[in-house]
Amino acid sequence: MSSYPQDTIVAIATPPGSGAVGIVRLSGPQAIPLADQHVRLKRSLTDTKSNRVRFGRLLLSGEADEVLVFVSRRPNSYTGEDTAEIQCHGSPALLSRLTKALERAGARAAEPGEFTRRAFLNGRVDLTQAEAVVDLVSASTDVSLDAAYFQLRGGLKTRFVALNEELRQTRTLLEASLDFAEDAQIDTERVTERLHTTRQILRGLLTSYEDGKLIRSGARVALVGRPNVGKSSLMNALLGQDRAIVTEIAGTTRDSIEESIEIGGIQVVLTDTAGLRETGDPVEQEGTRRTKLVARDADLILFVVDGSEVASDDALEPLDTSRLRVVNKSDLGVHESWSSVEGFKTSARTGAGLDQLRAAISKKLTAESQPDIESITNERHAVCLERATDALGRAIGLVREGSPGEVISFEVEEAMRALGEIVGDTTPQEILNAIFSQFCIGK
Ligand code: GDP
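As the structure is a prediction and not an experimental result, all values here were calculated from the model.

Which parts of the structure should I look at to understand the environment of Thr-172?
Among the secondary structure elements, Thr-172 is positioned in helix H6 (residues 155-179). In this structure, the C-alpha to C-alpha distance between Thr-172 and Ser-409, residues 237 residues apart in sequence, is 9.0 Å. In terms of polar contacts, Thr-172 uses its side chain to reach the backbone carbonyl oxygen of Arg-168, at 2.8 Å.

How should I be thinking about the side chain of Thr-389 in this particular structure?
Mapped onto the fold, Thr-389 is located in helix H12 (residues 379-400). According to the relative accessible area criterion, Thr-389 is buried, its value standing at 4%. Apart from the residues within four sequence positions on either side, Thr-389 is in contact with Arg-199, Leu-202, Arg-203 and Leu-206.

I would appreciate a short explanation of the environment of Ser-339 in the present structure.
Mapped onto the fold, Ser-339 is located in the loop between strand S12 (323-328) and strand S13 (344-345). Between the alpha carbons of Ser-339 and Gly-307 there is a distance of 9.8 Å; along the sequence they are 32 residues apart. Of note is the side chain of Ser-339, whose polar atom sits 2.6 Å from the backbone oxygen of Glu-336.

Explanation requested: the packing of aromatic side chains in the structure shown.
Pairs of aromatic rings are described using the distance from one ring centre to the other and the angle between the two planes. Summed over the entire model, instances satisfying the criterion amount to 2 aromatic pairs. Note on Phe-120 and Phe-436: the rings are 6.1 Å apart at their centroids and 35° apart in plane angle, and the pair reads as tilted. Placement of Phe-120 in helix H3 (residues 114-121) and of Phe-436 in helix H14 (residues 429-436) is noted, with a sequence separation of 316 residues between them. For Phe-120, a relative accessible area of 3% corresponds to the buried category. These aromatic residues form a ring-pair network of at least three members: Phe-120, Phe-436 and Phe-439. Its guanidinium or amino end placed over the ring of Phe-115, Arg-25 lies 5.2 Å from that ring's centre, counting from NZ or CZ. Against the face of Phe-303 rests Arg-323, its NZ or CZ located 5.8 Å from the ring centre.

For this particular structure, what's the right way to read the site of the ligand?
In the vicinity of the ligand, 18 residues are found, and the nearest of them are Asn-228, Lys-231, Ser-232, Ser-233 and Asp-331. Separating an oxygen atom of the ligand from a backbone N or O atom of Ala-348 is a distance of 2.8 Å. Here the ligand has 570 Å² of accessible area as a free molecule, and 92% of this is covered by the chains. It is helix H9 (residues 231-239) that provides the largest number of residues to the shell around the ligand, a total of 3 residues. In terms of residue class, the shell around the ligand is made up of 5 nonpolar, 7 polar and 6 charged.

Just checking my understanding: could you explain the pairing of S12 for this structure?
Successive side chains on a regular strand alternate, one facing one side of the sheet and the next facing the other. Burial runs high along S12: 5 of the 6 residues are buried. Alignment of strand S11 (residues 300-306) against S12, held across 6 bridges, turns out to be parallel. Residue pairing across strands places Leu-302 opposite Leu-324, the latter belonging to S12. Here S12 pairs with S13 via 2 bridges, running parallel. Bridge assignment links Val-327 to a residue of S13, and that residue is Lys-345.

Can you help me understand the sheet that holds strand S6 (residues 83-90) in this one?
Two pairing modes exist for strands in a sheet, parallel and antiparallel, and in both the strands are linked by backbone hydrogen bonds. Reading across from one edge, S3-S4-S5-S6-S2-S1-S7 is the order of the 7 strands in this open sheet, with mixed pairing throughout. For this open sheet the edge positions go to strand S3 (39-41) and strand S7 (108-109), each flanked by a neighbour on one side alone. In the sheet, strand S1 (residues 9-12) pairs with strand S2 (residues 19-27) via 4 bridges, with the strands oriented antiparallel. Looking at the pairing, Ile-9 lines up with Ser-27 of S2. The sheet strands contacting helix H2 (residues 92-104) are S1, S2, strand S4 (52-58), S6 and S7, and the helix crosses S6 at an angle near 150°.

Is there a simple way to explain the sheet that holds S12 in this structure?
Ordered by their spatial adjacency, 6 strands build an open sheet running S9-S10-S8-S11-S12-S13, and the pairing between neighbours is mixed. Two strands close off the open sheet at either side, each with one partner strand: strand S9 (257-263) and S13. Pairing geometry for strand S8 (residues 219-225) and strand S10 (residues 266-272), over 5 bridges, is parallel. Within S10, the position partnered with Ala-222 by the bridge is Thr-271.

In this structure, what is going on with the side chain of Ser-409? I would like to understand it.
As for its placement among the helices and strands, Ser-409 is situated in helix H13 (residues 405-423). Not counting the four nearest positions on each side in its chain, Ser-409 is found in contact with Arg-171, Leu-174 and Glu-175.

Could you clarify how one ought to interpret unusual backbone geometry in this entry?
Most peptide bonds take the trans form, and the phi angle of most residues other than glycine is negative. Cis geometry is adopted by the peptide bond preceding Pro-75, which originates at Arg-74 and carries an omega value of 5°. The residue Pro-75 is located in the loop between strand S5 (66-72) and S6 in this model. Phi at Glu-63 takes a positive value of approximately 65°, unusual for a residue other than glycine. When you line up the elements, Glu-63 lands in the loop between S4 and S5.

Would you explain H2 in this entry?
For H2, built from 13 residues, the straight-helix expectation of 18 Å at 1.5 Å per residue is met to within 8% by its first-to-last C-alpha distance of 18 Å. Those residues of H2 that fall on the buried side of the exposure criterion are Leu-94, Leu-95, Leu-98, Thr-99, Ala-101 and Leu-102. The buried residues of H2 occupy an angular sector of 160° when projected down its axis, which confines them to one face. Every exposed residue of H2 that faces more than 90 degrees away from the buried side is listed here: Ala-93 and Arg-104. In this structure, the buried residues of H2 make contact with S1, S2, helix H1 (31-38), S4 and S6. Trailing H2 by a residue or two, Gly-106 shows a phi angle of about 125°, which is positive.

Calculation rules
Residues numbered from 1 in each chain as written. Predicted model: local features only at pLDDT ≥ 70, side-chain atom pairs only at ≥ 80, totals over all residues. Heavy atoms only, no water. Helix = DSSP H or I, 4+ residues; strand = E, 2+ residues; numbered from the N terminus. Polar contact = N/O pair within 3.5 Å; in protein donor to acceptor, adjacent residues only side chain to side chain. Buried < 20%, exposed > 50% of the residue type's maximum accessible area, 1.4 Å probe, protein only. Contact = heavy atoms within 4.5 Å. Phe/Tyr/Trp six-rings, centres within 6.5 Å; stacked < 30°, edge-to-face > 60°. Lys NZ or Arg CZ within 6 Å of the ring centre and 35° of its normal. Near = heavy atom within 4 Å. Areas by Shrake-Rupley, 256 points an atom, 1.4 Å probe, with all protein chains shown as cover. Nonpolar A, V, L, I, M, F, W, Y, C, P; charged D, E, K, R; others polar. Pairing = 2+ DSSP bridges. Axes fitted to C-alpha atoms, helices over the stretch in contact; angles between N-to-C directions. Expected span 1.5 Å × (residues − 1). Arc of directions from axis to C-beta.

Shown next as structure tokens:
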């Protein structure tokens, strides 16, 4: 871990553009005196206790802007350093004027994620908690938000620290067996058992990563069917907006259109495909080809049919588990030929049946993998877990072969290093750089 940073950083902490309020954040040894120089207050900020808000007037605005200054002192602030946040009107020009003035007065413009990076360097959070901040800010569904909270509270950190402690004890056993060769047999059994147990836990976590796909990247749902059955209209109705082009001329959706919506807490990418039909038009043929590709990648296919018309034989075929049949245009009356097949009756026009369809989509998507907020959602964590699991697999093999303790120890240490990388104890600098560069400036 690198040394404690000595300079003071500044950044606008609110999103770009105009807003009701804007916040300029400072962190470092000069944070409080710098804020103090730019705001007229009844009493100097330097005597303000930690976690207090003071009212003042911004000098740069000819004292026209009334501001609030929040002071938080080391070591219990977000970054672990002295921090000050100046809350003023959310004007981009004002925020930029204030930031520049603070830079002229000695602060340095913060890099993306530098506030959180300092929190990490100062031991306020481990790396999984720092990463949870990015997940939290970008969470778009309830489930992904709760998964980020679990990680932010240290749910993952605690788990990995405990696993590393287990491995440390196993290593101690190995070292003891080196010193007392006559006890090696007993230790070997215990070591094997311990290695197995830890490896099982790691494998369970890796499985949760597979299952966590829904939280991480959501699901892909494709609307497929003949032209003019109402796929585009259904897409718009599900989205609640006019995104796809709806026309009465068959074959107007020649390319695929994608939109993201939340269904039952899951982020769903909904794709409206070109209608599937035999055609001589090369553009439409290309559309049909793409439809097949989209359908292949989809987690779920909504097979849409026009319920107001007589069912064709191919539309009546039984569907495999990755498909749901949607009998649309129910407002026109459903033709009796559909009565023998299972399907969700909807009307994109009136909205009838859409709630049932949403419920069915979410049930289908979660049937295979329940989104669990405690699952591993981060690819970096999964890669490290895999490394640790492989190392322990090798260690178990070495014990079985009767290899010397230090050779086995080497693999146990490799597993410990991999787990240490997850929490940030042994993470190489370039990986840290890559992680923090995903943050926004001011976070
Ligand atoms: P797509 O080619 O399958 O995407 O079909 P569109 O969404 O473009 O719809 C084709 C035509 O059917 C349009 O005129 C729509 O207004 C109409 N339509 C779509 N859904 C419904 C529905 O539920 N009820 C009725 N009455 N008309 C619909």
